[in-house]
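Chain by chain, the residues:
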Amino acid sequence: MGLKLNLNYEVMTSLYLSVNSDFMFLVMIGPPGAGKGTQAKRLAETLGLSHVSTGEIFRQNISRKTELGLRVKELLEDGTLVPDDLTIELVQDKIDQLVNGSGAIFDGFPRNLEQAKALDDMLLLHDKGVDLAPLINLSDSNIIERLTGRRTDKDTGKIYHLIYDPPPDNANVEQRSDDKRDTVLRRIEDYHQSTVPMLAYYDDRDLLCEIDGDNTIDQVTTALLEVIRGRVFA
Ligand code: ADP
Ligand code: ADP
């Protein structure tokens, strides 16, 4: 009999700690605010994988005022996607290190068909491929509430929500400059235009698995661990 989705997060975590896998590569897909970052951080810790968020890398470059940061600053503030060549180059730089580890969870990349194909090409060069593409679904109306309440700890990068996962009093939190209503609407539009057409690419190879992002954070983690256990460790 299979494990049920209501096994709690701690129990699932301890089960995973006893599992050995050679290499695992996951791509987390979902609209802005669906919980990709929150879940990717938890899964990376539980499964011992590297977590790569292209959005986080861009934001770090912006705050360090690097050349890349200066090039992408306005795009991120407007909620516009960074051009594919720049984004793919950024990922290419990471892949060579990542393939030597136990694997990775990508969050926010790929975001369109071109990026998905480029990622496969990069992995193929190392005889690797995407093992699973979890899609966290969330309705457009819930996205706004998620993003306007999002706060990030400046020191640790931990993600909080003013209502659903409130930061402790001593946390040094900030609001992302692209989490304003107008910008959020543009990002939702981009998701439908660029990312949704990419889903078939993974679905055709039976790699896509849909998770309801409207459950609690713990329930979503448990559902993800359950799917990964069934698909990757089978
Ligand atoms: P969210 O988690 O809300 O979806 P991200 O942190 O993933 O946001 O991305 C923030 C911004 O960084 C995006 O709006 C876009 O400007 C840029 N970005 C991140 N990943 C990509 C990507 N794969 N392709 C193009 N732009 C990206
Ligand atoms: P994404 O990376 O997909 O843009 P985040 O992980 O940053 O999404 O989550 C967006 C906001 O929603 C954050 O404030 C986070 O604390 C909150 N959040 C994430 N998952 C859930 C959930 N299942 N229920 C309620 N709030 C959530």
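Right, let's walk through the structure included here. (Residues numbered from 1 in each chain as written. Chains lettered and ligands numbered in written order. Predicted model: local features only at pLDDT ≥ 70, side-chain atom pairs only at ≥ 80, totals over all residues.)

Regarding the nonpolar core
Part 1 of the reasoning: Judged by nonpolar contacts, the single largest core of 28 residues is most densely connected at L26, M28, A104, I105, F106 and L224.
Part 2 of the reasoning: Those elements that provide at least two residues to this core are β1 (24-28), α2 (36-47), β3 (103-107), β4 (133-137) and α10 (217-231). (Core = buried A, V, L, I, M, F, W, Y, C linked by C-beta atoms within 7 Å. Buried ≥ 20, exposed ≤ 12 C-beta atoms within 10 Å, placed from the backbone. Helix = DSSP H or I, 4+ residues; strand = E, 2+ residues; numbered from the N terminus.)

A few points about the site of ligand 2
Part 1 of the reasoning: G35, G37, T38, R150 and H161 are the nearest of the 21 residues found near ligand 2.
Part 2 of the reasoning: When residues of the shell around ligand 2 are traced back to their parent elements, those giving at least two are α2, β6 (159-161) and α10. (Near = placed C-beta within 6 Å.)

Things to note about the site of ligand 1
Part 1 of the reasoning: Within the structure, ligand 1 sits among 21 residues, and P32, T54, G55, V82 and G108 are positioned closest to it.
Part 2 of the reasoning: No other element matches helix α3 (residues 54-63), which puts three residues into the shell around ligand 1.

So, the pairing of β4
Part 1 of the reasoning: The buried fraction of β4 amounts to four of the five residues, a majority that puts the element mostly inside the structure.
Part 2 of the reasoning: Two elements, β4 and strand β8 (residues 208-212), share five bridges in a ladder whose sense is parallel. Residue pairing for β8: L135 is matched across the bridge by E210. (Pairing = 2+ DSSP bridges.)

Section: the sheet that holds β6
Part 1 of the reasoning: Reading across from one edge, β6-β5-β7 is the order of the three strands in this open sheet, with antiparallel pairing throughout. On the outer flanks of this sheet lie β6 and β7 (173-174), each paired with one strand and no other.
Part 2 of the reasoning: With three bridges joining them, strand β5 (residues 150-153) and β6 adopt antiparallel strand pairing. By the bridge assignment, T152 is partnered in β6 with I159.

Examining the pairing of β3
Part 1 of the reasoning: In terms of residue burial, β3 counts as a mostly covered element, since five of its five residues are buried.
Part 2 of the reasoning: Covered by surrounding structure in β3 are G103, I105 and D107 together with A104 and F106, the residues of both alternating faces.
Part 3 of the reasoning: One ladder, built from five bridges, connects β1 with β3; its direction is parallel. Bridge pairing in β3 places V27 opposite F106.
Part 4 of the reasoning: Summarising the sheet, strand β2 (residues 50-53) and β3 pair through four bridges and their orientation is parallel. When the sheet's bridge partners are listed, S50 is paired in β3 with A104.

As for the sheet that holds β3
Part 1 of the reasoning: The strand order β1-β3-β2 describes an open sheet built from three strands, whose pairing is parallel. Each having just a single partner strand, β1 and β2 make up the two edges of the open sheet. Along the sheet, successive strands turn relative to each other by an average axial angle of 15°, direction set aside. (Axes fitted to C-alpha atoms, helices over the stretch in contact; angles between N-to-C directions.)

Let's talk about the packing of α3 against helix α4 (residues 67-78)
Part 1 of the reasoning: Interhelical geometry of α3 versus α4 gives an angle of 115° and a closest axis separation of 8 Å. Here α4 runs roughly perpendicular to α3, going by the angle between their axes. Relative to α4, α3 is oriented so that their crossing is left-handed. Every residue of α4 that contacts α3 at F58, R59, N61 and I62 is listed here: L68, G69, V72, K73 and L76.
Part 2 of the reasoning: Split by residue class, the contact of α3 with α4 holds five nonpolar, two polar and two charged. (Parallel < 35°, antiparallel > 145°, perpendicular 65-115°, else oblique. Left-handed = near helix turned anticlockwise from the far one by under 90°. Contact = placed C-beta atoms within 7 Å. Nonpolar A, V, L, I, M, F, W, Y, C, P; charged D, E, K, R; others polar.)

Concerning unusual backbone geometry
Part 1 of the reasoning: In this structure, the amide linkage connecting F109 to the following residue, P110, adopts the cis form with an omega of -5°.
Part 2 of the reasoning: Unusually for a residue other than glycine, D127 sits at a positive phi of about 60°.
Part 3 of the reasoning: In this structure, D127 sits in the loop between α6 (113-124) and β4.
Part 4 of the reasoning: If you check the backbone angles, D206 has positive phi at about 60° while not being a glycine.
Part 5 of the reasoning: Here D206 lies in the loop between α9 (199-203) and β8.

Overview of α2
Part 1 of the reasoning: The terminal C-alpha atoms of α2, which comprises 12 residues, lie 16 Å apart, in line with the 16 Å expected from a rise of 1.5 Å per residue.
Part 2 of the reasoning: Inspection of α2 places K36, G37, T38, Q39, A40, R42, L43 and L47 among the buried residues, and these make up the whole buried set.
Part 3 of the reasoning: Of the residues flanking the end of α2, it is G48, one or two places downstream, whose phi is positive at about 70°. (Expected span 1.5 Å × (residues − 1).)

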